[in-house]
Protein chains: 6
Amino acid sequence: MKRICIYPGSFDPITYGHMDIIARARGLFDELVVAIAHNIRKNSLFTISERIEMISELTGKFGNVTVDAFDGLLVDYVRKRNACCVVRGLRAFSDFEYEFQMALTNRKLNDSFETIFLMTHENYSFISSSLVKELIEFGGDISAFVPEPVEHRLKEKLYVHREQ
Amino acid sequence: MKRICIYPGSFDPITYGHMDIIARARGLFDELVVAIAHNIRKNSLFTISERIEMISELTGKFGNVTVDAFDGLLVDYVRKRNACCVVRGLRAFSDFEYEFQMALTNRKLNDSFETIFLMTHENYSFISSSLVKELIEFGGDISAFVPEPVEHRLKEKLYVHREQ
Amino acid sequence: MKRICIYPGSFDPITYGHMDIIARARGLFDELVVAIAHNIRKNSLFTISERIEMISELTGKFGNVTVDAFDGLLVDYVRKRNACCVVRGLRAFSDFEYEFQMALTNRKLNDSFETIFLMTHENYSFISSSLVKELIEFGGDISAFVPEPVEHRLKEKLYVHREQ
Amino acid sequence: MKRICIYPGSFDPITYGHMDIIARARGLFDELVVAIAHNIRKNSLFTISERIEMISELTGKFGNVTVDAFDGLLVDYVRKRNACCVVRGLRAFSDFEYEFQMALTNRKLNDSFETIFLMTHENYSFISSSLVKELIEFGGDISAFVPEPVEHRLKEKLYVHREQ
Amino acid sequence: MKRICIYPGSFDPITYGHMDIIARARGLFDELVVAIAHNIRKNSLFTISERIEMISELTGKFGNVTVDAFDGLLVDYVRKRNACCVVRGLRAFSDFEYEFQMALTNRKLNDSFETIFLMTHENYSFISSSLVKELIEFGGDISAFVPEPVEHRLKEKLYVHREQ
Amino acid sequence: MKRICIYPGSFDPITYGHMDIIARARGLFDELVVAIAHNIRKNSLFTISERIEMISELTGKFGNVTVDAFDGLLVDYVRKRNACCVVRGLRAFSDFEYEFQMALTNRKLNDSFETIFLMTHENYSFISSSLVKELIEFGGDISAFVPEPVEHRLKEKLYVHREQ
């Protein structure tokens, strides 16, 4: 039986922190699905298609990583994909509390899969997508936070916004 | 002297977590007042009247539990009701920090009453009213989180919203 | 029915932090029992009798506070005293974790009573019996940490120790 | 070489907690600059000028404290001012996490200065500018939280708001 | 390639909390090795052989769980077994800190394997081997904390100790 | 007036984590005193003289760092040295709690100096002297945790121990 692991998130945009978790988790399972959660109530900077493009470009070199998007509850998506587990990165204590609440809730809704946690590398422990978006707006250097193609697209977005 | 304890909150809606605290706290004092805080700046799903109705229905079996609503500062309401203490449920560390800040502030404003904390049962430690509202919107099964009459009313609300 | 609350601890010796919890908790119940846990595996500085004497002297002014000592499990003592609850002071996060573990364990062993938590006053939040014992050994001024009679007895103990 | 320390923040308005940090930090360096961060995306109650006025009035008695405002990234402002460090007050654990993330990010962006942390006095550990604004709206007594001139201005603001 | 996961610990004795992690983790990998760490500096209640016996008896029903013991550093044992990861249960925040420190240290010593974390079921979140040993000494009922065969052996140990 | 900062600790032995704090703190003050606390109740691996030698060797290149040792209370030593502050490194949350308790206690005993906190670099956040001693005993590679001269001395100590 092929073991599939889901890595859900907004990835708006993908950072070196996410890349680190992908590289670690893909070695533990037969397939790792990076699954972009479509949240209509949260404003996103990049469209789902743009995010799929970026992640695909950056993870193409890994044979067993695929990219997908989903609507609705994570537990339903996991069931549909027949995955054995969901992986989440933990960076710090505040992650821990939120992630535990989500994992306990998901276990209550569907106890046929597990949530596993990996530690983000300490060098990326302070990076978040929202921090990156805030920094670039103020002209900060984000090359230590996101891969080059993502930085490029962030600057394009910013340029378009300022033009309008 | 009759000892009155106040259990303040939004209860929008009441969950099994709140019910657990009510069942525990009512045994410690002569009267337990479930006091709905009227917060004009926060959008609520249920009106104050609807919340009073639901809580009254669910706590009717307890002889010493009453339901009320209040405007303004909690310290003023506690003084008006001549209560000896306020009870709050603690579920996790993030509760702890927020609740301590509030309790310290209230003590500074009026040191004639105490804030006591009870632990929510571990089975309900991840439940919150906002989680329940989010789950039902995505079609999640919430029967493990709220009593049946609350689930019923939540579905009615949702139906009305979708009709509009 | 008279409501009895148990305040268990080592009280080796009693500090201003403990005094603060006693003053707060005694207003909420008909009787507050300060119950010294007899732990044969922990070395104590003061004997049970000395601790009973000190606490009795300091709480004599409160009409509804009594002092006692117990062996064995707290849950058995609570049952024997027919108490409705146990009170514990919370000073900081590390207290919170330990206290929650104990309260959950006690609930599993006997769910007929509650554990309630009160916040220690922020001015006493860093005081502990072991800190006091460490400070006095190095000649630190402990008058801000323990009542005068306790300071007096601590100095006596120290003198006796050094003589030997 | 003169050592300059920056104390950045919103100070909307300045509280006794901020005053405590200013009094402590100014003794450690040759000059302490209270630097108001101009954040166009956050609604503020007081204008930058009003905040400069209030802080200047309250810190005038300290010879080595100056007041300033800045736009953009803190790291750029620190470089411009040629400061050796930034000081931040820690009140509680939630501060700790946020402040660490910011300090790590700033270190990545510019490692030529340090972020130092001081503990806010325990008596002010629960005060925040937003709490003060919420309390005054509900008629709470805020004299224990902010200096008198700030309380006066807060009441003026409130009066003007209600008139409109 | 067969994926092996190591579950290291003292298991002195195994509790329902450990059993829960074993049941969860074994579904994610081809083989799960319960690996008893031999720590000469820590007094243990049960010998390594007794612990192997108990765990084997309780996990015999699971086809892909084996039991082993090891000396020295975990990283060396993982390399020897050619395992892809180590699994640890997280019960609460204090676990989180300690486990993260160990995982970071192990990663520094050998970055060819991952440490994954699973949440212990909330019903077992307060159980620890040392708590169980303390409770049984005071005559507490431990049937909710350990499987029956373990309870039986604990009582035997206790009897032998008291005889001596 | 020359500003002196004290960096107190056991330094048994000094690690890269300590070195990082020394390098950061020495830039903020005129003189940084690395002050070894002599604790007769704690078994140490290295003597005070050995620790002074190691730290002196490693900090000799810094013009404004001196090494000293002290008995008794830190507050008395700070007063004697006429220092304006004490610096402590924070690595993680558990540090935070302990350090805050110590800083509050010291402030109560002597409020004429400040305790400032610096964050240890994220690459050293998991290193502690006791971890290093444990690793070397089991033959772990500690070159990423302590400078070469310290590693050398640790191996000497170990060799002597084993010979005995």
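The structure this text deals with has already been given above.
Report on the accompanying structure. (Residues numbered from 1 in each chain as written. Chains lettered and ligands numbered in written order. Predicted model: local features only at pLDDT ≥ 70, side-chain atom pairs only at ≥ 80, totals over all residues. Heavy atoms only, no water.)

1. Notes on the overall build of chain A
Stage number 1. When its secondary structure is counted, chain A shows six helices and five strands.
Stage number 2. Seen in sequence order, chain A has helices and strands lined up from the N terminus as β-α-β-α-β-α-β-α-β-α-α.
Stage number 3. For chain A, whose C-alpha radius of gyration is 16 Å, the value lies close to the compact-globule estimate of 15 Å for 164 residues.
Stage number 4. If you line up chain A on its principal axes, its C-alpha atoms span 50 × 30 × 30 Å.
Stage number 5. Relative to its full complement of 164 residues, chain A shows a buried share of 57%. (Helix = DSSP H or I, 4+ residues; strand = E, 2+ residues; numbered from the N terminus. Rg over C-alpha atoms; globule rule 2.2 N^0.38 Å. Buried < 20%, exposed > 50% of the residue type's maximum accessible area, 1.4 Å probe, protein only.)

2. Notes on the relation of the copies chain D and chain B
Stage number 1. Rotating chain D by 120 degrees and moving it 0.0 Å along the rotation axis overlays it on chain B with an RMSD of 0.0 Å. Such a combination of rotation and displacement between the chain copies is what one expects of a three-fold axis.
Stage number 2. Here only 6% of the interface residues in chain D have copies in chain B that are interface residues too; the copies meet through unlike faces. (Least-squares fit on C-alpha atoms with pLDDT ≥ 70 in both. Contact = heavy atoms within 4.5 Å.)

3. Considering the interface of chain A and chain E
Stage number 1. On the chain E side, the residues contacting the 26 residues of chain A number 26 residues.
Stage number 2. When the two sides are added together, the surface that chain A and chain E hide from each other amounts to roughly 2500 Å², 61% of it contributed by carbon and sulfur.
Stage number 3. For the chain A face of the interface with chain E, the top three residues by lost area are A:L28, A:R107 and A:M119, together amounting to 28%.
Stage number 4. Our count for the contact surface shared by chain A and chain E stands at six salt bridges.
Stage number 5. Taken together, the links from chain A to chain E amount to 15 residue pairs in polar contact (both at pLDDT 80 or more).
Stage number 6. Counting residues per element, the ones that place at least two in the side of chain A that touches chain E are β4 (85-90), α4 (93-109) and β5 (114-119) of chain A. (Buried area = accessible area lost by both parts, 1.4 Å probe. Salt bridge = Lys/Arg side-chain N within 4 Å of Asp/Glu carboxyl O. Polar contact = N/O pair within 3.5 Å; in protein donor to acceptor, adjacent residues only side chain to side chain.)

4. Here we look at the side chain of E:R107
Stage number 1. Structurally, E:R107 is set in helix α4 (residues 93-109).
Stage number 2. One buried charge, E:R107, has no salt-bridge partner; the nearest side chain with opposite charge is A:E122, at 4.1 Å.
Stage number 3. With residues near it in sequence (within four places) discarded, E:R107 still touches A:R24, A:M119, A:T120, A:H121, A:E122 and E:E114. (Lys, Arg positive; Asp, Glu negative; His and termini not counted.)

5. Side note on the interface of chain D and chain B
Stage number 1. Counting residues at the interface gives 17 residues for chain D and 10 residues for chain B.
Stage number 2. Regarding the contact of chain D and chain B, the summed buried area is about 1200 Å², with carbon and sulfur atoms giving 67% of it.
Stage number 3. On inspection of chain D and its partner chain B, the count reaches one residue pair in polar contact (both at pLDDT 80 or more).
Stage number 4. For the side of chain D that touches chain B, the elements supplying multiple residues, two or more each, are α4 (93-109) and α5 (129-137) of chain D.
Stage number 5. Broken down by element, the residue count for the side of chain D that touches chain B peaks at four residues, all from α5(D).
Stage number 6. Per-class residue counts for the side of chain D that touches chain B are eight nonpolar, six polar and three charged. (Nonpolar A, V, L, I, M, F, W, Y, C, P; charged D, E, K, R; others polar.)

6. As for unusual backbone geometry
Stage number 1. Cis geometry is found at the peptide bond from A:D12 to A:P13, where omega equals 5 degrees.
Stage number 2. Among the secondary structure elements, A:P13 is positioned in the loop between β1 (4-9) and α1 (16-25).
Stage number 3. For A:F11, which is not glycine, the phi torsion reads 50 degrees and is therefore positive.
Stage number 4. By relative accessible area, which is 2% here, A:F11 ends up buried.
Stage number 5. Residue D:N82 is not a glycine yet carries a positive backbone phi of 60 degrees.

7. Focus on the relation of the copies chain A and chain E
Stage number 1. For the pair chain A and chain E, the relating rotation is 180 degrees, the translation along its axis is 0.0 Å, and the fit reaches an RMSD of 0.0 Å. Interpreted geometrically, this transformation is the action of a two-fold axis. Rotation axis and chain A: the residue whose C-alpha lies nearest the axis is A:F117, separated from it by 2.4 Å.
Stage number 2. An overlap of 100% is found between the interface residues of chain A and their copies at the interface of chain E, pointing to a shared contact surface.

8. Details of the pairing of strand β3 (residues 65-70) of chain E
All names here are of chain E.
Stage number 1. Where strand β2 (residues 31-37) meets β3, six bridges bridge the pair, whose relative direction is parallel. By the bridge assignment, L32 is partnered in β3 with V65.
Stage number 2. Remark: the β2/helix α2 (residues 48-59)/β3 crossover connection has right-handed handedness. (Pairing = 2+ DSSP bridges. Right-handed = clockwise from strand over helix to strand, strands pointing away.)

9. A word on the environment of B:N39
Stage number 1. Relative to the helices and strands, B:N39 resides in the loop between β2 (31-37) and α2 (48-59).
Stage number 2. Each C-alpha atom of the pair B:N39 and B:F70 lies 9.1 Å from the other, and the pair is 31 residues apart in sequence.

10. As for the arrangement of the chains
Stage number 1. The closest approach of any C-alpha atom in chain A to one in chain C is 13 Å; the two make no contact.
Stage number 2. Chain D shows no contact with chain E. Their nearest C-alpha atoms sit 13 Å apart.

11. Topic: the nonpolar core
As a rule of thumb, soluble globular proteins bury nonpolar side chains together.
Stage number 1. Grouped together as the largest cluster of nonpolar side chains are 348 residues, with contacts concentrated most on A:I6, B:I6, C:I6, D:I6, E:I6 and F:I6.
Stage number 2. Dropping the residues within four chain positions of it, A:I6 is found in contact with A:V33, A:A35, A:L74, A:Y77, A:V78, A:R81, A:A83, A:C85, A:V86 and A:V87. (Core = buried A, V, L, I, M, F, W, Y, C linked by side-chain atoms within 4.5 Å.)

12. Points about helix α1 (residues 16-25) of chain B
Residue and element names in this part refer to chain B.
Stage number 1. Taking burial as the measure, the 10 residues of α1 include eight buried ones, the bulk of the element.
Stage number 2. Among the residues of α1, those classed as buried are G17, H18, M19, D20, I21, I22, R24 and A25.
Stage number 3. Two or three places before G17, at the start of α1, stands the capping residue T15, its side-chain oxygen 3.1 Å from that residue's backbone nitrogen.

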